[in-house]
Amino acid sequence: METKTLNKKEVANKTQRITGCEAVVRSLIAEGVDILYGYPGGAIMPVYDELYKFQDQIHHVLTRHEQGAAHAAQGFARISGRVGVALATSGPGATNLITGIADAQIDSTPLVCITGQVASHLLGSDAFQETDIVGISTPVTKWNCQVTKSEDIPAAIAKAFYIAKSGRPGPVLVDITKDAQFGELDFNYEKCKGVRSYVPIPKTSQDAVNAAAELINNAKKPMIVWGQGVILGEAEAELKAVVEKAGIPAAWTILGASAIPSTHPLNVGMVGMHGNYGPNKLTNECDVLIAIGMRFDDRVTGDLNTYAKQAKVIHFDIDPAEINKNVQTDVAVLGNSKESLAMLAEALEAKSHDAWLKEFKDLYQIEYDTVINDDLNPTKEGLTMGEVIKQINIASEGNAAIVSDVGQHQMIACRYADFNVSKSNITSGGLGTMGFALPAAIGAKMAAPNREVVAIIGDGGFQMNIQELGTIFQQKVPVKVVVLNNEFLGMVRQWQQLFFDKRYASTEMTNPDFVTIAKGYHIEGKRVTNRKDMEAAVKEMIASKDSYFLEVCVEKEDNVFPMIPSGASVSDVRLS
């Protein structure tokens, strides 16, 4: 076997006459890529041939489906802060990436997706496995391009990495025709340092920071809602400094979870449709609402006509397009959250808001007595999803990275998991992609091998990408997989129960023997149906040095509360 090993300086600076497909691999090495996810096919085969030669430097992970490759690259990016890379062939290979790309776009995840394409003279001829992936992906990428000449490959890939990671991150796609892969070029790689007319980080205005600080300093009932922008900006310490200096109760969106530890006394919980009672109710009672790195999506705001109308709104964001998009802002502070929050901390007066904080605590007690205690310490016979998360918290000491799928189990995981370390909540937020968690957990574990990574999945979402158990087996990824099985598409069933008179149309699941399937992939597994067996099973799973599959059979018709009905005001949050 012929292998090649080059250091990054040699890859980047030594001009050589090489093929376009080798230029792709050398460009990836120059960008520091050491793991990528993909699935080969005819139009991308030249690049795979070069990957074979460079396999000592780049580890290619063969997923079982291209959607799995995209989600695995997302998980890799979300836990590491690096750019995730996915590779696919033309036609169906490329289109199978689209769901993952769309998910990455709405959740601001940096991805570089490289697809093969038919030869340039066949473009537009409906050739075998030809699809206009540039046209298809345009609405769901931050940037994309098609390369038809080998000499354009290095610059396209350099630009792709720069755009994917800079400013508000997102996915990009580079489509490379087969003749460009076979053609030759004089290779010399230069990293992209800027793109004309593209300003990834707007300059933070000191005047805007001062105006925000004045509102906060004079507030009687200030409230912070932070989102993933804090984590993307690596501004966790700066957020904590602002919260503590000004004594402000702070709540989070699901993608912002873990920026401040769950146990912090000023962390008042999650906002949104299934968020905590206090921060949802009190959004409509605060006098200053400080939004940091969040986009006021509909699951957080509910009815915009009634959302925080009494409050002065301050919005910190890196993306000017988010300002006044959904909620009118009194003070907008543009820029990277790390810089802008540091400037804010300097301008704030040291304060405490004990009486205001007590209102959150009082509402939390109501929620605890009505909902939380029954979820975490049930007296009924059937197992609850909440008590499973509680046992995972105990066994992992709250340090696990939780990768959740989409549905009831996702909301329960976000509500009850202990997040003591940043980048600990990896889930599909804006797109709500069932099938996300299993491949994303693979990518997360490979990016952070020293962290415990636990995938929390429903029985419906698990079967959407169940084939990625094969990737876990082949790659020997020691990820822990927990399926909370209620034999329903649980979130849809909950809505059918509450709003469609219990007409459970096409939501009941007849499931296979999941443990046997896992064992077919040589993954140790266990099925728990009784409470007396659960603690030991979770401990065994967390203690395992290998991958582990745990199925927990939970109550079939349990619901997730609190809940804000779709289109209702956040003040209308229901506890039952």
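If you're wondering where the values come from, they're calculated on a predicted model, not measured in any experiment. (Residues numbered from 1 in each chain as written. Predicted model: local features only at pLDDT ≥ 70, side-chain atom pairs only at ≥ 80, totals over all residues. Heavy atoms only, no water.)

Caption draft 1: Examining the overall build of the chain more closely. Along the backbone of the chain there are 24 helices and 20 strands. Here the chain has a C-alpha radius of gyration of 24 Å; the compact-globule value for 576 residues is 25 Å, and the two agree. Along the first, second and third principal axes, the C-alpha atoms of the chain reach 70 × 60 × 40 Å. Burial status across the chain gives 61% buried among its 576 residues. Of the contacts made within the chain by residues no fewer than 6 positions apart, 77% connect residues no fewer than 24 positions apart. For the chain, the exposed area adds up to about 22200 Å²; of that, 50% sits on carbon and sulfur atoms. (Helix = DSSP H or I, 4+ residues; strand = E, 2+ residues; numbered from the N terminus. Rg over C-alpha atoms; globule rule 2.2 N^0.38 Å. Buried < 20%, exposed > 50% of the residue type's maximum accessible area, 1.4 Å probe, protein only. Contact = heavy atoms within 4.5 Å. Areas by Shrake-Rupley, 256 points an atom, 1.4 Å probe, with all protein chains shown as cover.)

Caption draft 2: View of the packing of helix H2 (residues 20–30) against helix H3 (residues 45–53). Between H2 and H3, whose axes approach to 8 Å, the crossing angle comes to 55°. In terms of orientation, H2 lies oblique with respect to H3. In this structure, H2 crosses over H3, and the sense of that crossing is right-handed. On the side of H2, the interface is formed by Cys21, Glu22, Val24 and Val25, while H3 contributes Pro46, Val47, Glu50 and Leu51. Of the residues in the contact of H2 with H3, the class split is six nonpolar, no polar and two charged. (Axes fitted to C-alpha atoms, helices over the stretch in contact; angles between N-to-C directions. Parallel < 35°, antiparallel > 145°, perpendicular 65-115°, else oblique. Left-handed = near helix turned anticlockwise from the far one by under 90°. Nonpolar A, V, L, I, M, F, W, Y, C, P; charged D, E, K, R; others polar.)

Caption draft 3: Summary view of H2. When you tally the buried positions in H2, you get 11 out of 11 residues, the bulk of the element. Buried residues of H2: Gly20, Cys21, Glu22, Ala23, Val24, Val25, Arg26, Ser27, Leu28, Ile29 and Ala30, and no others. Gly32, located one to two residues past H2, shows a positive phi value of around 85°.

Caption draft 4: Structural context of the sheet that holds strand E5 (residues 111–117). Taken together, the six strands give an open sheet; going across it, the order is E3-E2-E4-E5-E7-E6, and neighbouring strands pair in parallel fashion. A single partner strand is all that each edge strand has here, and the edge strands are strand E3 (59–62) and strand E6 (143–147). Adjacent strand axes in the sheet meet at a mean angle of 20° when their direction is disregarded. As paired strands, strand E2 (residues 35–38) and strand E4 (residues 84–88) are joined by two bridges and run parallel to one another. The residue bridging Gly38 from the neighbouring strand is Leu87, located in E4. Along the sheet face, helix H19 (residues 437–447) touches E2 and E3 and points at about 165° away from the line of E2. (Pairing = 2+ DSSP bridges.)

Caption draft 5: Expanded view of the domain arrangement of the chain. Domain parsing of the chain yields domain 1 (8–187), domain 2 (206–360) and domain 3 (377–553). Facing 18 residues of domain 2, the contacting portion of domain 3 comprises 19 residues. Summing both partners gives a buried area of about 1400 Å² for domain 2 against domain 3, and 57% of it is carried by carbon and sulfur. Ranking the residues of domain 2 by area buried against domain 3 places Ile254, Ser258 and His274 at the top, with a combined share of 39%. Inspection of the domain 2/domain 3 interface yields zero salt bridges. (Domains from an automatic or database assignment. Buried area = accessible area lost by both parts, 1.4 Å probe. Salt bridge = Lys/Arg side-chain N within 4 Å of Asp/Glu carboxyl O.)

Caption draft 6: Inspection of the pairing of E2 at higher detail. Burial along E2 is two-sided: the face carrying Ile35 and Tyr37 and the face carrying Leu36 and Gly38 are both buried. Here four bridges tie E2 to E3, and the two strands are oriented parallel to one another. The partner of Tyr37 across the bridge, within E3, is Val61.

Caption draft 7: Region of the structure containing the sheet that holds strand E14 (residues 331–334). Read across the open sheet, the six strands follow the order E11-E10-E9-E12-E13-E14; overall the sheet is parallel. In the strand order of this sheet, the two ends are held by strand E11 (267–270) and E14, each with one partner. Adjacent strand axes in the sheet meet at a mean angle of 20°, parallel and antiparallel pairs treated alike. Where strand E9 (residues 222–226) meets strand E10 (residues 250–252), three bridges bridge the pair, whose relative direction is parallel.

Caption draft 8: View of the nonpolar core. Counting 100 residues, the largest nonpolar core has Ile224, Trp226, Leu239 and Leu344 as the members making the most contacts within it. Here this core spans two domains, and each of domain 2 (206–360) and domain 3 (377–553) adds at least three residues to it. Apart from the residues within four sequence positions on either side, Leu344 is in contact with Val209, Ala212, Ala213, Ile216, Val242 and Phe316. In terms of nonpolar packing, the next biggest core, distinct from the first, is built from 50 residues, Ile35, Ala448, Phe514 and Ile523 among them. (Core = buried A, V, L, I, M, F, W, Y, C linked by side-chain atoms within 4.5 Å.)

Caption draft 9: Region of the structure containing helix H12 (residues 236–246). Listed as buried for H12 are Glu236, Glu238, Leu239, Val242, Val243 and Ala246. In the core, the buried residues of H12 are packed alongside helix H10 (206–217), E9, helix H11 (229–232), E10, strand E12 (288–292) and helix H15 (337–347). At the C-terminal side of H12, Gly247 shows a positive phi close to 60°.

Caption draft 10: Structural context of unusual backbone geometry. Looking along the chain, the bond that leaves Phe561 and enters Pro562 is cis, with omega of 0°. Relative to the assigned elements, Pro562 resides in the segment after strand E20 (548–553). The backbone of Phe296 shows a phi angle near 55°, a positive value even though the residue is not glycine. Overall, Phe296 belongs to the buried group, its relative accessible area being 2%. Positive phi is not limited to glycine here, since Asp501 has a value of about 55°. Assignment of secondary structure puts Asp501 in the loop between helix H22 (490–499) and helix H23 (514–520). Given a relative accessible area of 64%, Asp501 falls into the exposed group.

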